[in-house]
Amino acid sequence: FQIPVLNAVYDAWRERGVMVLGVSVDAEGESVVAPYVAEHKVRYPILLGDEALARSFGAVGFPSSVLVAPDGTVTRAHAGLLEPAAPEAAPPPAS
């Protein structure tokens, strides 16, 4: 399931400036998203958007994960569920 993987990345890297954001494209908006976030114990921020926003970041299906550099450049995109060992779930290289 996606949320535990993203929670782990968020917890491990947020103090070092790595941001994990979720974007919900649910047409019913906050009224269904907020209870889902609470029930599944999502610890990272969730934004409300639409498919156009998701596609602007390269999402070709749902769920999708996108790695965005500080300058806004999309550096990686992954369609489908993340596994804990997937490259997108790994922390960024040390600088």
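Our structure is the block above this text.
Because the structure is a prediction, the values reported are computed rather than measured.

Draft legend 1. Structural detail: the pattern of salt bridges. Under the definition given, this model contains 2 salt bridges. Asp-11 is the partner of Arg-43 in a salt bridge, and the nearest nitrogen-oxygen pair spans 2.5 Å. Pair noted here: Arg-43 is in the loop between α2 (30-39) and β2 (46-48) and Asp-11 is in helix α1 (residues 2-13), with a separation of 32 residues, a long-range link. With a relative accessible area of 46%, Arg-43 lands in the partly exposed category. Residues Arg-55 and Glu-51 are paired through a salt bridge, measuring 3.3 Å at the closest nitrogen-oxygen approach. Here the residue Arg-55 and the residue Glu-51 both occupy positions in helix α3 (residues 51-56), the gap between them amounting to 4 residues, near one helical turn. Taking the relative accessible area as the measure of exposure, Arg-55 reaches 41% and is therefore partly exposed.

Draft legend 2. Main features of the packing of aromatic side chains. For the structure shown, the criterion picks out 1 aromatic pair. Both rings, one in Tyr-10 and one in Tyr-44, keep their centres 6.5 Å apart while their planes meet at 65 degrees; by these two values the pair is edge-to-face. A residue pair is termed long-range when its members are at least 10 positions apart, and Tyr-10 in helix α1 and Tyr-44 in the loop between α2 and β2 qualify at 34 residues. A relative accessible area of 12% means that Tyr-10 is categorised as buried.

Draft legend 3. Highlighting the pairing of strand β3 (residues 64-68). Note that β3 and strand β4 (residues 74-79) share 5 bridges and pair antiparallel. From the neighbouring strand, Leu-67 faces β4, where its bridge partner is Arg-76. A loop of 5 residues connects β3 with β4, the two strands running antiparallel in sequence, and Gly-72 in this loop sits at a positive phi of about 95 degrees.

Draft legend 4. Highlighting the environment of Gly-17. Position of Gly-17 among the secondary structure elements: in the loop between α1 and β1 (22-24). A relative accessible area of 64% places Gly-17 in the exposed class. It is 9.7 Å that separates the C-alpha atoms of Gly-17 and Pro-70, two residues lying 53 residues apart in sequence.

Draft legend 5. Main features of a nonpolar patch on the surface. A cluster of nonpolar side chains, Met-19, Leu-21, Val-23, Leu-47, Leu-53, Phe-57, Val-66, Val-68 and Val-74, forms an exposed patch at the surface whose accessible area comes to about 700 Å². Positionally, Leu-53 belongs in helix α3. Note on Leu-53: relative accessible area 33%, which makes it partly exposed.

Parameters and conventions
Residues numbered from 1 in each chain as written. Predicted model: local features only at pLDDT ≥ 70, side-chain atom pairs only at ≥ 80, totals over all residues. Heavy atoms only, no water. Salt bridge = Lys/Arg side-chain N within 4 Å of Asp/Glu carboxyl O. Helix = DSSP H or I, 4+ residues; strand = E, 2+ residues; numbered from the N terminus. Buried < 20%, exposed > 50% of the residue type's maximum accessible area, 1.4 Å probe, protein only. Phe/Tyr/Trp six-rings, centres within 6.5 Å; stacked < 30°, edge-to-face > 60°. Pairing = 2+ DSSP bridges. Patch = residues over 30% accessible without salt bridge, like charges linked within 9 Å, V, L, I, M, F, W, Y side chains within 5 Å. Areas by Shrake-Rupley, 256 points an atom, 1.4 Å probe, with all protein chains shown as cover.

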